Amino acid sequence: MKWYEIEGEMGGIVVSTRVRLARNLSDYPFPAKLSSKDENEILEKVSSFLTDGGDDGEAYTLTDLSTTDAVTAGALVEKHIISPRMASKRGNRGVVLSDDESVSIMINEEDHLRIQVLGSGFCLDECLEKANRVDDMLDGEFTYAWSERLGYLTRCPSNLGTGLRASVMLHLPAHTESGEISMLMSSLGRLGFTVRGIYGEGTAAIGSYYQISNQFTFGSDEQDTIDRLKKVVKSTVEHEQELRDRYRDRHKNAAEDKAWRAYGLLKYARKLSSAEATSLLGDVRRGVVAGDLEDVSIPLLNALLWQVQPNQVKVISGDYHMDSEERDIARAEMVRESF
Amino acid sequence: MICQKCGSRNAEVHYKTNFNGALCEFILCPDCAEKLEQDTYFGVNYYNKILNSFMSPRSYARTVRCPLCGTSEDEVLKTGKAGCPKCYETFEEIFIPFIKRINGSSRHTGKTPASAGKEIEEKQKLKELKTSLNKAVKDQDFEKAAELRDSIKELEGGNEA
């Protein structure tokens, strides 16, 4: 079972949680300064250690990105398994992925290693625990670049210290509609968090999906960082629910209508752009949380959220050369079949 | 379409996002995309660009280069990044005040890797033994001092091996 097939805690509003640790091996320059031979050496020894059976009970597979086509790499970005930089970068680089796709280790990204754990819903503690397990396993085999004063040494000083970036993806349509999203962004910015729209542009992100993550990796330890983020996410989720309830008290029919219309379009449309599909999936999601649409499951909506993205559509339908109209038709067909 | 940054090569990478409410859009060639190293993944790099403006050149000669990776001081000031772990020692005068200014602290709190953990533990033990040795000598407890001296020798010898 893949991680996204499970419905997580606060799964209606919190889509997913992600934790990543930036790590480098001592005795090597950072990837930007690595010779091709050293790049290869690191890729080879880290990936074979993991795929030959680490002792954390996960089965790992390597995807060598130096020989992967742009569509497949783009699809991995849409699935949040690799970073956009990783997809566009050249050189010997790869990603090692666990069977359930929850653990990925990027090799030769900005740092030698980026350990990343994804989880469904709100699960910061579980993700950190899992990331620590993988980290300890690699620490037992390789020597990390670390100093007592600066912690884990990374290419960019903004990752020094814990090297930990924790982020939670939230669905915040009521914040967007009420305009409170900009207030949330500026106030969380002052508290040391970053709020970012996942899809689309401007403050009205398509489908109202946002990611909240910690800005600082220095001066507070891993658990403390996670605990602070937890508090912020919890209060954001509570406020989102309040705003939704307030709107529903006044406009119950309109709210119901919007959810059912979105459902109807997803179920019967013959052509869907990724922006339209993303936005409709958001409307349906809100309807599911409110209890209007009982037959739609949150894990299905989570999976569709990335499956409707352009490269995913190509990979899923097996045609890497589709133009955008063919893609819209294939996307609509895939969504229809899911509902 | 032509790359917005270099204005010469063909643009192949198009990225739109919003960061704390502001729209950011790039149309870049793969070369510039890589150079820009836009870690849009976690949205930290716009932030890094602002951070870089906090970095200031220091007093030593401009020709200083990192002995491990060859990164120059100019490069560190320009990119705001280290070329290798050793750069943090070589360019300590640039990095430490910068880290202090940004974080209000210049000491790591958090996880310690297993290998480093052992070293730190030994260092701490050595310090304690030396303090006890000084005390034993002062108290003229020579038997205890001899024992402590042996333990110190053993620990120091172990570190050299």
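What counts and how
Residues numbered from 1 in each chain as written. Chains lettered and ligands numbered in written order. Predicted model: local features only at pLDDT ≥ 70, side-chain atom pairs only at ≥ 80, totals over all residues. Heavy atoms only, no water. Helix = DSSP H or I, 4+ residues; strand = E, 2+ residues; numbered from the N terminus. Rg over C-alpha atoms; globule rule 2.2 N^0.38 Å. Buried < 20%, exposed > 50% of the residue type's maximum accessible area, 1.4 Å probe, protein only. Contact = heavy atoms within 4.5 Å. Areas by Shrake-Rupley, 256 points an atom, 1.4 Å probe, with all protein chains shown as cover. Lys, Arg positive; Asp, Glu negative; His and termini not counted. Charge placed at Lys NZ, Arg CZ, Asp CG, Glu CD. Domains from an automatic or database assignment. Buried area = accessible area lost by both parts, 1.4 Å probe. Salt bridge = Lys/Arg side-chain N within 4 Å of Asp/Glu carboxyl O. pLDDT = per-residue confidence, 0-100. Polar contact = N/O pair within 3.5 Å; in protein donor to acceptor, adjacent residues only side chain to side chain. Axes fitted to C-alpha atoms, helices over the stretch in contact; angles between N-to-C directions. Parallel < 35°, antiparallel > 145°, perpendicular 65-115°, else oblique. Left-handed = near helix turned anticlockwise from the far one by under 90°. Nonpolar A, V, L, I, M, F, W, Y, C, P; charged D, E, K, R; others polar.

Peer 1: Any chance you could break down the overall build of chain A for me, citing the residues and the numbers?
Peer 2: Looking only at helices and strands, chain A features 12 helices and 10 strands. The C-alpha atoms of chain A give a radius of gyration of 21 Å, which matches the 20 Å a tight globule of 339 residues would have. Taken over 339 residues, chain A has a buried fraction of 61%. Relative to all contacts within chain A whose residues are 6 or more apart in sequence, the contacts with residues 24 or more apart total 70%. For chain A, the accessible area works out to roughly 12,900 Å², and carbon and sulfur atoms hold 47% of it. Looking at chain A, you have 40 positive and 55 negative side-chain charges, and the mean spots of the two groups are 5 Å apart.

Peer 1: A description of the overall build of chain B should follow, citing residues and the corresponding values.
Peer 2: Regarding its fold elements, chain B presents 7 helices and 2 strands. Secondary structure of chain B in N-to-C order comes out as β-β-α-α-α-α-α-α-α. Split into buried and exposed, the 161 residues of chain B put 39% on the buried side. Taking contacts inside chain B between residues at least 6 apart in sequence as the whole, the part at least 24 apart equals 33%. In the structure as shown, chain B presents an accessible area of about 9,500 Å², 52% of it carried by carbon and sulfur atoms.

Peer 1: Could you give an account of the domain arrangement of chain A, with specific residues and numbers?
Peer 2: Residues and elements named next belong to chain A. Assigned domains within chain A: domain 1 (3–241) and domain 2 (251–338). Using C-alpha coordinates to define each centre, domain 1 is positioned 26 Å away from domain 2. Between domain 1 and domain 2, the contact holds 26 residues from the first and 22 residues from the second. Counting the surface domain 1 buries against domain 2, the share from its top three residues, Tyr4, Val71 and Glu78, is 28%. Here domain 1 and domain 2 share 2 salt bridges between them. Residues Arg286 and Glu177 are paired through a salt bridge, measuring 3.0 Å at the closest nitrogen-oxygen approach.

Peer 1: Can you explain the confidence of the model for chain B? Please cite residues and give values.
Peer 2: All names here are of chain B. Summarising the model, chain B shows a mean pLDDT of 74, and 70% of its residues fall at 70 or more. At the level of individual helices and strands, chain B shows its lowest average pLDDT in strand β1 (residues 13–19), which scores 54, and its highest in helix α4 (residues 87–90), which scores 93. Within the model, the stretch residues 37–43 combines pLDDT values under 50 with 37 contacts to residues more than four positions away or in other chains.

Peer 1: Please set out the side chain of Gln211 of chain A residue by residue, giving values where relevant.
Peer 2: Residues and elements named next belong to chain A. Looking at the secondary structure, you find Gln211 in strand β10 (residues 209–214). The exposure class assigned to Gln211 is buried, which follows from its relative accessible area of 3%. Side chain to side chain, Gln211 and Arg18 meet in a polar contact 2.8 Å long.

Peer 1: How would you explain the packing of helix α1 (residues 36–51) of chain A against helix α4 (residues 124–141) of chain A if you had to name every residue and give the values?
Peer 2: Residue and element names in this part refer to chain A. α4 packs onto α1 with a crossing angle of 120° between their chain directions and a minimal axis gap of 11 Å. Relative to α4, the element α1 is oriented oblique. Seen from above, α1 lies across α4 with right-handed handedness. Of α4, the residues touching α1 (which contributes Val46, Phe49 and Leu50) are Met137, Leu138 and Glu141. Its residues assigned to classes, the contact of α1 with α4 shows 5 nonpolar, no polar and 1 charged.

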